[in-house]
Amino acid sequence: MLKQLFNKYKPVLSYLFWGVITTLVNIVVFAILSKNLHLFYQTSNVIAWFASVLVAYISNKLWVFNSHTETGKELFAEAIRFFLMRTATLVLDIIIMFVGVSLLHGDDIIVKIIDNIIVIISNYAFSKLVVFKDKKKWD
């Protein structure tokens, strides 16, 4: 019974596990760049986004959605869809950071953590409904 329950929710559990890893990459890279290297918070944010999206694509492809591509063309198309959807949530990310840090004068790390919760939910929806959906529609 426990195994059936696990199998039923395996994609969501996998996404949550890898989402935590990806979020940690995002926050740690952001903190190192903004606090230790003193980069502007939005510059740190974009670099952290890129690092975390690389981790997210690999983990989502291999372990969350078990996506198999037959050709380099399919792999490229899938990666482009993934990065385009993540770019949409990057815009959301930038807006949340701007409002939280620049307008409301919140602590950038706290705002980044709250921001990541919203972005994770949005990314899951995009990945499930667009990126790793039936590939035949995209050919």
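Residues numbered from 1 in each chain as written. Predicted model: local features only at pLDDT ≥ 70, side-chain atom pairs only at ≥ 80, totals over all residues. Heavy atoms only, no water.

### Regarding the UniProt feature "transmembrane region" (unreviewed entry) in the protein
Now for step 1: Under the local residue numbering, the UniProt record ascribes the feature "transmembrane region" (unreviewed entry) to residues 12–33, 39–58, 79–103 and 109–131.
Now for step 2: As annotated, residues 79–103 has a helix share of 100% and a strand share of 0%, and its two end C-alpha atoms lie 34 Å apart.
Now for step 3: Annotation note: span residues 109–131, helix share 100%, strand share 0%, distance between end C-alpha atoms 29 Å. (UniProt positions renumbered as here; feature names shortened; annotations may be inferred. Helix = DSSP H or I, 4+ residues; strand = E, 2+ residues; numbered from the N terminus.)

### Notes on the packing of helix α2 (residues 41–64) against helix α3 (residues 72–103)
The geometry of a pair of packed helices is captured by two quantities: the angle between their axes and the separation between those axes.
Now for step 1: It is at 10 Å that the axes of α2 and α3 come closest, and there the two elements cross at 145°. Note that α2 runs across α3; the crossing there is right-handed. (Axes fitted to C-alpha atoms, helices over the stretch in contact; angles between N-to-C directions. Left-handed = near helix turned anticlockwise from the far one by under 90°.)

### Let's talk about the domain arrangement of the protein
Now for step 1: As assigned here, the protein comprises domain 1 (1–67) and domain 2 (68–134).
Now for step 2: Relative placement of domain 1 and domain 2: their C-alpha centres are 10 Å apart.
Now for step 3: Taken together, the contact between domain 1 and domain 2 spans 25 residues of the former and 28 residues of the latter.
Now for step 4: At the boundary of domain 1 with domain 2, the tally comes to two salt bridges. (Domains from an automatic or database assignment. Contact = heavy atoms within 4.5 Å. Salt bridge = Lys/Arg side-chain N within 4 Å of Asp/Glu carboxyl O.)

### A look at the UniProt feature "domain: GtrA/DPMS transmembrane" (unreviewed entry) in the protein
Now for step 1: When the UniProt feature table is mapped onto this chain, "domain: GtrA/DPMS transmembrane" (unreviewed entry) is found at residues 15–132.
Now for step 2: For residues 15–132, helix accounts for 86% and strand for 0%, while the C-alpha atoms at its two ends are 13 Å apart.

### A few points about a nonpolar patch on the surface
Now for step 1: The grouping of Leu2, Leu5, Phe6, Tyr9, Val12, Leu13 and Leu16 at the surface amounts to a nonpolar patch, some 680 Å² of accessible area in total.
Now for step 2: Within the element layout of this structure, Tyr9 appears in helix α1 (residues 2–36). (Patch = residues over 30% accessible without salt bridge, like charges linked within 9 Å, V, L, I, M, F, W, Y side chains within 5 Å. Areas by Shrake-Rupley, 256 points an atom, 1.4 Å probe, with all protein chains shown as cover.)

### Some remarks on empty space enclosed by the protein
Now for step 1: Summed over the entire model, instances satisfying the criterion amount to two cavities of 30 Å³ or more.
Now for step 2: In this structure, the largest cavity encloses a volume near 200 Å³.
Now for step 3: Lining the largest cavity are 21 residues, with Thr22, Ser52, Arg86, Val119 and Asn123 sitting closest to its centre.
Now for step 4: Where the lining of the largest cavity is concerned, the elements lending two or more residues are α1, α2, α3 and α4 (108–131).
Now for step 5: By residue class, the composition of the lining of the largest cavity is eight nonpolar, 10 polar and three charged.
Now for step 6: Counting the residues that make up the lining of the largest cavity, at least three belong to each of domain 1 (1–67) and domain 2 (68–134). (1 Å grid on protein atoms, 1.4 Å probe; cavity = no way out; pocket = protein on both sides within 12 Å on 5 of 7 lines; lining within 4 Å. Points joined across faces, edges and corners; volume = space filled by probe spheres on them. Nonpolar A, V, L, I, M, F, W, Y, C, P; charged D, E, K, R; others polar.)

### Brief notes about the packing of α1 against α2
Now for step 1: Between α1 and α2, the shortest axis-to-axis distance is 8 Å and the interhelical angle comes to 155°. As far as their axial angle goes, α2 and α1 are roughly antiparallel. For α1 against α2, the interelement crossing comes out right-handed.
Now for step 2: Of the residues that constitute the contact of α1 with α2, the class distribution is 17 nonpolar, nine polar and no charged. (Parallel < 35°, antiparallel > 145°, perpendicular 65-115°, else oblique.)

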